[in-house]
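Each chain is listed here by its residues.
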Amino acid sequence: MGLSGGQYGLPVPLLLLLLTCLPWGTALEHISYVPQLSNRSLAGTLTQSTFTLEQPRGQFSHRSISDSDAIWLVVAHSNATQNFSAPQRVEDIPVPEDFPWRGYYLTLMANRLLYPGNQPGNQLRVLRVGNDTSCSPTKRGCNHPLPGPGPYRVKFLVMSDKGPVAETEWSNETHLQRAERLQAAPGPQSTGTVVIIAILSVLLAVLLTALLALLIYTCYDIRGSTPISGPEQSVCVRRYDTHHMISPPAVGGS
């Protein structure tokens, strides 16, 4: 049974060529872990630009992973996970500025020493995605606020100096909060509001009518009690003469 024919159907040189062309070292170790949203009673677990994950504690104890390997969080649009390709070099790591056209980026670099399996006490261990408003979106690893409501999916990617080593599974879809628009309350509350507005409008109209009637009545009352002389009326003015202003009667001459 030769390799050049029979049941294999491919000549030896062609098989050797195919084996040579295979991308050695690109097969990532699979970690059976699904990133989870924080289930703690923590304020702001979901906002309009951030969400909070549980830390993947004790998930990177595999022999192929060393303490110096970087553990990245991959943030992707839900419809871009199938297009994700693990970067082969650190220089190829996408940044938040690439998110609109690439559909994913890497952030929150850590190592497995920060994710030990034993959690001391009641210490809070979470990862808040999109929580850094001061970093530049062009900087590698920047935890920039998320640009919209999503949905988003995340996973962890382990990288060494030689390239990607291992990865977890993708999380479920995460939808962020949406900005609420001001609108009338639906149902019975809206009907009650309309009735109250109608009653107040009627009362306001009655009050304005009463004030206007009172003003008109007051004006006519003042005008009727004050004598005003018109052009057709004669006014008699009594003449007063003082004694020192009367001239003596003229004396006739002889």
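In short, a report on the structure. These figures come from a predicted structure and were not determined experimentally.

Attention now moves to the overall build of the protein chain. The helix and strand inventory of the protein chain stands at three helices and seven strands. Reading the helices (α) and strands (β) of the protein chain from amino to carboxyl end gives α-β-β-β-α-β-β-β-β-α. Counting across all 254 residues of the protein chain, residues that qualify as buried make up 27%. Within the structure as shown, the protein chain displays about 18300 Å² of accessible surface, and the carbon and sulfur contribution to it stands at 58%.

Tracing the chain through its elements places Ser171 in the loop between strand E7 (163–167) and helix H3 (188–224). A relative accessible area of 4% means that Ser171 is categorised as buried. In this structure Ser171 touches Val34, Pro35, Arg153 and Val154, once residues within four positions along its chain are discounted.

Take the sheet that holds E7 next. Across the sheet, which stays open at both edges, the five strands sit in the order E1-E7-E6-E3-E4 with mixed pairing between neighbours. Of all the strands in the sheet, just strand E1 (29–30) and strand E4 (104–110) have a single pairing partner and so form its edges. Sheet topology note: the E1/E7 ladder contains two bridges and is parallel. Note that in E7 the partner of Glu29 across the bridge is Ala166.

Position of Thr52 relative to the elements: it lies in strand E2 (residues 51–54). Classification of Thr52 as buried rests on a relative accessible area of 0%.

Quick look at the pattern of salt bridges now. Any two side chains of opposite charge can pair, given that their charged atoms come close. Counted according to the given criterion, the structure contains three salt bridges. The residue Asp67 makes a salt bridge to Arg112 at a minimum N-O spacing of 2.6 Å. Note that Asp67 is positioned in the loop between E2 and strand E3 (70–77) and Arg112 in the loop between E4 and strand E5 (126–129), a separation of 45 residues in sequence. Accessibility expressed as a relative area gives 39% for Asp67, which makes it partly exposed. For Arg112, a relative accessible area of 23% gives the class partly exposed. In this structure, the salt-bridge partner of Arg89 is Asp92, at a minimum N-O distance of 3.1 Å.

The general pattern is negative phi for most residues beyond glycine and trans for most peptide bonds. In this structure, Pro151 follows Gly150 across a cis peptide bond, with omega equal to 10 degrees. If you trace the backbone, Pro151 turns up in the loop between E5 and strand E6 (152–160). Despite not being glycine, Leu108 shows a phi value in the positive range, around 50 degrees. In this structure, Leu108 sits in strand E4.

A few words now on the packing of aromatic side chains. Applying the stated criterion across every chain yields a total of seven aromatic pairs. Look at Phe84 and Trp170: their rings are 5.8 Å apart centre to centre, the planes differ by 90 degrees, and that puts the pair in the edge-to-face class. Of this pair, Phe84 sits in the loop between E3 and helix H2 (99–102) while Trp170 sits in the loop between E7 and H3; the two residues are 86 residues apart in sequence, bridging distant segments of the chain. Residue classification places Phe84 among the buried residues on the basis of a relative accessible area of 13%. Overall, Trp170 belongs to the buried group, its relative accessible area being 17%. Ring geometry for Phe99 and Tyr105: centres 5.0 Å apart, planes at 75 degrees, overall edge-to-face. For Phe99, a relative accessible area of 3% translates into the label buried. Each member of the aromatic cluster is reached from another via a ring pair, and the members are Phe60, Tyr115 and Phe156.

Together, Val195, Ile196, Ile199, Leu200 and Leu203 make up an exposed nonpolar region whose accessible area comes to about 480 Å². As for its position among the elements, Ile199 is in helix H3. Relative accessible area serves as the criterion here: at 48%, Ile199 is assigned to the partly exposed category.

Time to look at the environment of Val129. As for its position among the elements, Val129 is in strand E5. With a relative accessible area of 0%, Val129 lands in the buried category. Along the backbone, Val129 and Pro145 are 16 residues apart, and their C-alpha atoms lie at a distance of 7.5 Å. If we skip the residues at most four places from it in the chain, Val129 touches Ser49, Thr50, Phe51, Leu53, Leu73, Val75, Leu108 and Asn143.

Conventions we followed
- By convention here, each chain's residues receive numbers from 1 onward along its written sequence.
- Owing to the predicted nature of the model, reporting of local features is limited to residues with pLDDT of at least 70; listing and counting of side-chain atom pairs is limited to 80 or more, with chain, interface and lining totals taken over all residues.
- Note: side-chain values were computed over all heavy atoms of the structure, leaving out hydrogens and water.
- Comment: elements are numbered from the N terminus, with helices defined as DSSP H or I runs of at least four residues and strands as E runs of at least two.
- Here the term buried applies to any residue with accessible area under 20% of the maximum for its type, exposed to any over 50%, and partly exposed to those in between, with areas from a 1.4 Å probe on protein chains only.
- A 1.4 Å probe and the Shrake-Rupley method give the accessible areas. Residues count as covered only by the protein chains that appear here.
- Two residues form a contact once any of their heavy atoms are found within 4.5 Å.
- A pair of strands counts as paired when DSSP detects no fewer than two bridges linking them.
- We define a salt bridge as a contact between a side-chain nitrogen of Lys or Arg and a carboxyl oxygen of Asp or Glu at a distance within 4 Å.
- Classification of ring pairs rests on two measures: the distance between centres of Phe, Tyr or Trp rings, Trp counted by its six-membered ring, which must be within 6.5 Å, and the angle between planes, read as stacked under 30 degrees, edge-to-face over 60 and tilted in between.
- Like-charged residues within 9 Å of one another, or nonpolar side chains (Val, Leu, Ile, Met, Phe, Trp, Tyr) within 5 Å, are grouped into patches, provided each residue has over 30% relative accessible area and no salt bridge.

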